[in-house]
Amino acid sequence: MSEEIIVHRTALSIPYAWAAGRHATRFYREIAEHRKLFGTRCPRCQRVLFPARKACSRCFTETTDWVEVGPRGTVTSFTVVHYAEPQIQPLPPPLAYALIQLDGADTAFIHLVSEVNVAEIKTGMRVEAVFAESPQGNILDVKFFKPITQG
Ligand SMILES: [Zn+2]
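This write-up is about the structure you can find in this document.

Cut-offs used in this document
Residues numbered from 1 in each chain as written. Predicted model: local features only at pLDDT ≥ 70, side-chain atom pairs only at ≥ 80, totals over all residues. Heavy atoms only, no water. Helix = DSSP H or I, 4+ residues; strand = E, 2+ residues; numbered from the N terminus. Rg over C-alpha atoms; globule rule 2.2 N^0.38 Å. Buried < 20%, exposed > 50% of the residue type's maximum accessible area, 1.4 Å probe, protein only. Areas by Shrake-Rupley, 256 points an atom, 1.4 Å probe, with all protein chains shown as cover. Lys, Arg positive; Asp, Glu negative; His and termini not counted. Charge placed at Lys NZ, Arg CZ, Asp CG, Glu CD. Donors = N, O, S within 2.8 Å, 3.2 Å for Na, K, Ca; no water. Tetrahedral: all angles 85-135°; square planar, octahedral: opposite > 155°, others 65-115°. Expected span 1.5 Å × (residues − 1). Contact = heavy atoms within 4.5 Å. Salt bridge = Lys/Arg side-chain N within 4 Å of Asp/Glu carboxyl O. Core = buried A, V, L, I, M, F, W, Y, C linked by side-chain atoms within 4.5 Å. Polar contact = N/O pair within 3.5 Å; in protein donor to acceptor, adjacent residues only side chain to side chain. Pairing = 2+ DSSP bridges. Axes fitted to C-alpha atoms, helices over the stretch in contact; angles between N-to-C directions.

Further remarks concern the overall build of the protein. Looking only at helices and strands, the protein features one helix and eight strands. For 151 residues, the compact-globule estimate of 2.2 N^0.38 gives 15 Å, and the C-alpha radius of gyration of the protein, at 19 Å, exceeds that figure by more than 25%. Split into buried and exposed, the 151 residues of the protein put 35% on the buried side. Summing over all exposed atoms, the protein offers an accessible surface of approximately 10100 Å²; the carbon and sulfur share of this is 51%. The average position of the 17 basic charges and that of the 15 acidic charges among the side chains of the protein differ by 8 Å.

Structure, rendered in structure tokens:
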């Protein structure tokens, strides 16, 4: 006997507050107030980790020094999104997410690449940060990265 299962559909609203912590707070404030990008150096393996973090993901050692990196960097990998998800995508499609290793950093991080034909994005491409006009204290205070056209 096959009986159809009842499915209830609804939407959940879950308001919450999340404390960013001291490292992330300083990291976001440097972007919002000074348009500067900072990583932290691991005193054991000497890697500069970006975004700044409290502990090294390789040796689990607490980081000590803050190191300014970027705002230029290199695309190490990327993907192009061709469908619209306006509630979660900050740009209309087609848009590109790239792993970007900022100059002076030893780790790459994911961010948007824009002001370029997505078909022209390639690994090794040099990019630079474009900062938001009205910072909000989150990673989108770097609006996106764009190709370096000169220099
Ligand atoms: Zn380390």
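Now that the structure has been shown, the text picks up again.
Attention now goes to the coordination of the zinc ion. Listed as protein donors to the zinc ion are C42 (SG), C45 (SG), C56 (SG) and C59 (SG); their distances from the metal cover 2.1 to 2.3 Å. Seen from the zinc ion, its four donor atoms lie at angles of 104 to 114°, and the figure they make is tetrahedral. Each donor residue of the zinc ion lies on the same chain, and together they follow the pattern C-x2-C-x10-C-x2-C. Of this pair, C45 sits in the loop between β1 (37–41) and β2 (48–49) while C59 is found in the loop between β2 and β3 (65–69), placing the two residues 14 residues apart along the sequence. Residue classification places C45 among the partly exposed positions, given a relative accessible area of 28%. Classification of C59 by relative accessible area gives buried; the value is 17%.

What follows is about helix α1 (residues 21–34). Along its 14 residues, α1 runs 19 Å from first to last C-alpha, staying within 8% of the 20 Å computed at 1.5 Å per residue. Among the structural elements, β1, β3, β7 (126–131) and β8 (142–147) are those in contact with the buried residues of α1. Once α1 finishes, R35 follows within two positions and takes phi at roughly 55°, a positive value.

Let us now look at the environment of Y83. Looking at the secondary structure, you find Y83 in the loop between β4 (72–81) and β5 (95–102). C-alpha of Y83 to C-alpha of P93: the two residues are 10 residues apart in sequence and 5.9 Å apart in space. Contact partners of Y83, with chain neighbours within four places excluded, come to Q89 and P93.

A few words now on the pattern of salt bridges. One pass over the structure, following the stated rule, counts six salt bridges. E33 is the salt-bridge partner of R29, the closest N and O atoms lying 4.0 Å from each other. Of the two residues, R29 and E33 both sit in helix α1, four residues apart, roughly one turn of that helix.

Moving on to the nonpolar core. In summary, soluble globular proteins display a tendency toward joint burial of nonpolar side chains. L37, F50, V69, I100, L102, V113 and F145 are the most contacted members of the largest nonpolar core, which has 25 residues in total. At the level of secondary structure, the elements contributing two or more residues to this core comprise α1, β3, β5, β6 (109–113), β7 and β8. Among the elements that make up this core, the one with the highest residue count is β5 (four residues). Each residue touching F50, except ones within four places of it in the same chain, is listed here: F27, L37, F38, G39, V69, L102, A105, T107, A108 and F109. With five residues, the next largest nonpolar core counts V81, L112, V130 and F144 among its residues.

Turning our eyes to something else, we now look at the side chain of T63. For T63, the position within the fold is in the loop between β2 and β3. For T63, the side chain forms a polar contact with the main-chain oxygen of R53, separated by 2.8 Å. Beyond its immediate sequence surroundings of up to four residues, T63 is in contact with H23, T40, R41, C42, P43, L49, R53, K54, A55 and C56.

Attention shifts here to the sheet that holds β2. The sheet built from three strands is open, its strands ordered β2-β1-β3 with antiparallel pairing. On the outer flanks of this sheet lie β2 and β3, each paired with one strand and no other. Of the strand pairs in this sheet, β1 and β3 are connected by five bridges, and their pairing is antiparallel. The partner of R41 across the bridge, within β3, is D65. The sheet contacts of α1 involve β1 and β3, and relative to β1 the element is tilted by about 150°.

Just distances and angles here, no functional claims.
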